[in-house]
Amino acid sequence: MEREVSLEDRLWMVGKMFAMVERYFAHWEDALIPPDAWDGEYAACIGEAIRASTRQDFERLMRRIVAKLGNRHTWFRDALTVRGGLGLRLRRLRESWYVVESAHEAVRPGAAVVTLNERTPAEWMDEASPYMRSQDERLREEEWQRVIPTLVDGNSWALELGDGLRRRTVTIPRMLPDSRKEMPEGRWLVPDRLAYLRMPSFANPAYEEAAVGWLMRVSNADALVVDVRGNTGGATPTKLLRALMERPWPWWTEFAADVGLLWRRSGGEGQFAILPEGRGAWWRPPHEKPGEPVFRGRLVVLVDRTTASAAEDFVMPLLVTKRAVVIGETTAGSTGQPVICQRAGFSMGVGAIRASLPDGRAFENVGLRPDVWVDMSPEDLSSGRDPALALALELLASDE
């Protein structure tokens, strides 16, 4: 039986979310509704919240409201109810959907997915649309795969896989997150000369500590490839940055609707300006000064469309100072410090900081453009070829 949420908790959370958005939300230019429509949304939401007594119904209601704000650092989620994901990551290539990553032995990268539970990926994407916060089509193609498992019951998925004229159906179980797969992976690509560090996540400080420890072991290497593809963030990895940076570097230019929040964040350092009529403030922090870096050799960073948040915090200084050559796809374009509140097992956050590049150019919903763009093909997936890594090796070899 689906658990219920008390009326008191529902009304408290609706009121709190709307109050937090009015005070802190820093991304109205990307929202699907104007600020003056927010009161109307509140009135409608109250009525729906009174009727949405189960946890699933209430979560869906709040996620539909949040999706209208169009910001990936603004969320509402049920932290008590854990529903397993697909255990797959799909990518649309040449108008078909292919497996990019898989935790299932029966489904390998490069397989073409025709249907999931008898519906095409495009149909699932349409169903997920009211709950998705991304506006860029390439990011929506990723986001529906995380949204749909939270909306659909059942312990398994039936996948119809296509290979030319042949079709086969496999059943895969839901997969719970595996933190072991988020651990960094370090290895030599060329012994004592070219090192590789894969960082799938910054969600745990231990991951960053392990990465810095690996850098100490390979500090005399000629070159290093750091792979943050698929890294959706966590905590900004300042220790890892300091281990790589041998030059001063700038930080994001930040905007906040709440002037006091940004002033406290600035600590009185850098450039700070309040907008006319108190409509928020912007802050340009001073450059960070390097210490004693662990690694001083040549550096390449691999990124893709799912590189986001704290992973973009990591990439940006390396990119704008030309400390590294960045290869891959344009990143997700979402960072900033949310204001967070929790109650009754639900977590909600409001994106309170809007980041721009140090020179003021747009970043949110734009992303970081790599120095060298690399795309993938179905043939790359099925053969196991990694074109971005191959190009990094070619580039580093040509620089010798």
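Check the entry above for the structure.
Residues numbered from 1 in each chain as written. Predicted model: local features only at pLDDT ≥ 70, side-chain atom pairs only at ≥ 80, totals over all residues. Heavy atoms only, no water.

J.: Looking at this structure, I do not really get the layout of surface pockets. What am I missing?
T.: Rolled over the atoms, a probe sized like a water molecule indicates the empty space that remains. Volume-wise, the second largest pocket comes out at about 190 Å³. Taken together, eleven residues line the second largest pocket, and the ones lying closest to its centre are Ala 112, Leu 161, Gly 162, Asp 163 and Arg 168. Taken together, the elements giving at least two residues each to the lining of the second largest pocket come down to β5 (156-163) and β6 (166-173). Taken together, the residues of the lining of the second largest pocket sort by class into four nonpolar, three polar and four charged. (1 Å grid on protein atoms, 1.4 Å probe; cavity = no way out; pocket = protein on both sides within 12 Å on 5 of 7 lines; lining within 4 Å. Points joined across faces, edges and corners; volume = space filled by probe spheres on them. Helix = DSSP H or I, 4+ residues; strand = E, 2+ residues; numbered from the N terminus. Nonpolar A, V, L, I, M, F, W, Y, C, P; charged D, E, K, R; others polar.)

J.: Looking at this model, I keep getting lost on the sheet that holds strand β12 (residues 281-284). Mind explaining?
T.: Pairing between sheet strands relies on hydrogen bonds along the backbone, with the strands arranged either parallel or antiparallel. Spatial ordering of the open sheet is given by β11-β12-β10-β17, a layout of four strands whose pairing is antiparallel. Both outer strands of the open sheet, β11 (271-274) and β17 (354-356), are each paired with one neighbouring strand and no more. Between one strand axis and the next, the sheet turns through 20° on average, direction left out of account. Bridging between strand β10 (residues 253-256) and β12 involves three bridges; their strand directions are antiparallel. The residue bridging Phe 255 from the neighbouring strand is Trp 282, located in β12. Helix α8 (residues 259-266) contacts β10, β11 and β12 of the sheet and is inclined by roughly 15° relative to β12. (Pairing = 2+ DSSP bridges. Axes fitted to C-alpha atoms, helices over the stretch in contact; angles between N-to-C directions. Contact = heavy atoms within 4.5 Å.)

J.: Sorry, what's going on with a nonpolar patch on the surface here?
T.: A surface patch of nonpolar side chains, amounting to about 240 Å² of accessible area, comprises Leu 7, Leu 11 and Ile 50. Structurally, the position occupied by Leu 11 is in helix α1 (residues 7-24). (Patch = residues over 30% accessible without salt bridge, like charges linked within 9 Å, V, L, I, M, F, W, Y side chains within 5 Å. Areas by Shrake-Rupley, 256 points an atom, 1.4 Å probe, with all protein chains shown as cover. Salt bridge = Lys/Arg side-chain N within 4 Å of Asp/Glu carboxyl O.)

J.: What am I meant to see in the sheet that holds strand β8 (residues 194-198) here?
T.: The sheet built from six strands is open, its strands ordered β7-β8-β9-β13-β14-β18 with mixed pairing. Of all the strands in the sheet, the pair left with one neighbour each is β7 (185-190) and β18 (372-373). Of the strand pairs in this sheet, strand β9 (residues 223-227) and strand β13 (residues 298-303) are connected by five bridges, and their pairing is parallel. By the bridge assignment, Leu 224 is partnered in β13 with Leu 299. Here helix α6 (residues 205-217) sits on the sheet and contacts β7, β8 and β9; the angle it forms with β8, its principal contact strand, is near 175°. Relative to β13, helix α11 (residues 387-398) is tilted by about 165°, and along the sheet it contacts β7, β8, β9, β13, β14 (325-328) and β18.

J.: In this structure, what is going on with helix α2 (residues 38-51)? I would like to understand it.
T.: Helical periodicity: at 3.6 residues per turn, an α-helix aligns residues three or four positions apart in one direction. For α2, spanning 14 residues, the distance from its first C-alpha to its last is 20 Å, which sits close to the expected 20 Å at 1.5 Å a residue. For α2, the full list of buried residues reads Trp 38, Glu 41, Cys 45 and Ala 49. (Expected span 1.5 Å × (residues − 1). Buried < 20%, exposed > 50% of the residue type's maximum accessible area, 1.4 Å probe, protein only.)

J.: It is not clear to me how the pairing of β9 should be interpreted in this structure. Could you clarify?
T.: Moving residue by residue along a regular strand, the side chains alternate between the two faces of the sheet. Burial analysis of β9 places five of its five residues in the buried class, the great majority of the element. Judged by which residues are buried, β9 turns out to be covered on both faces: Ala 223, Val 225 and Asp 227 on one side and Leu 224 and Val 226 on the other are all buried. Pairing of β8 with β9, which is carried by five bridges, proceeds in the parallel orientation. From the neighbouring strand, Leu 197 faces β9, where its bridge partner is Val 226. Regarding the hand of the β-α-β motif, the stretch spanning β8, α6 and β9 is right-handed. (Right-handed = clockwise from strand over helix to strand, strands pointing away.)

J.: Looking at this structure, how should I read the pattern of salt bridges?
T.: For side chains bearing opposite charge, pairing can occur when the charged atoms are close. By the definition in use, this model includes 36 salt bridges. As a salt-bridge pair, Arg 94 and Glu 379 come within 3.0 Å of each other at their nearest N and O atoms. Of this pair, Arg 94 sits in the loop between β2 (88-93) and β3 (96-102) while Glu 379 sits in helix α10 (residues 378-383), and the two are 285 residues apart along the sequence. The class for Glu 379 is partly exposed, based on a relative accessible area of 43%. A salt bridge links Asp 222 to Arg 193, with the nearest nitrogen and oxygen atoms 3.7 Å apart.

J.: Help me out: how do you make sense of the side chain of His 73 in this one?
T.: Here His 73 shows up in the loop between α3 (55-67) and β1 (75-78). Polar side-chain contacts of His 73 include one of 2.9 Å to the side chain of Ser 309. Once residues within four sequence positions are removed from consideration, His 73 is found in contact with Arg 133, Ser 309, Ser 334, Thr 335, Gly 336, Pro 338, Gly 349, Val 350 and Gly 351. (Polar contact = N/O pair within 3.5 Å; in protein donor to acceptor, adjacent residues only side chain to side chain.)

J.: Would you mind going over the pairing of β14 with me for this structure?
T.: Bridge analysis of β13 against β14 gives four bridges, and the strand direction is parallel. Following the sheet pairing, Leu 302 is matched in β14 by Ile 327. On the question of chirality, the crossover connecting β13 to the parallel β14 by way of helix α9 (residues 310-320) is right-handed. Relative to β18, β14 is paired through two bridges, and the arrangement is parallel. Of the residues in β18, the one forming a bridge with Ile 327 is Val 372.

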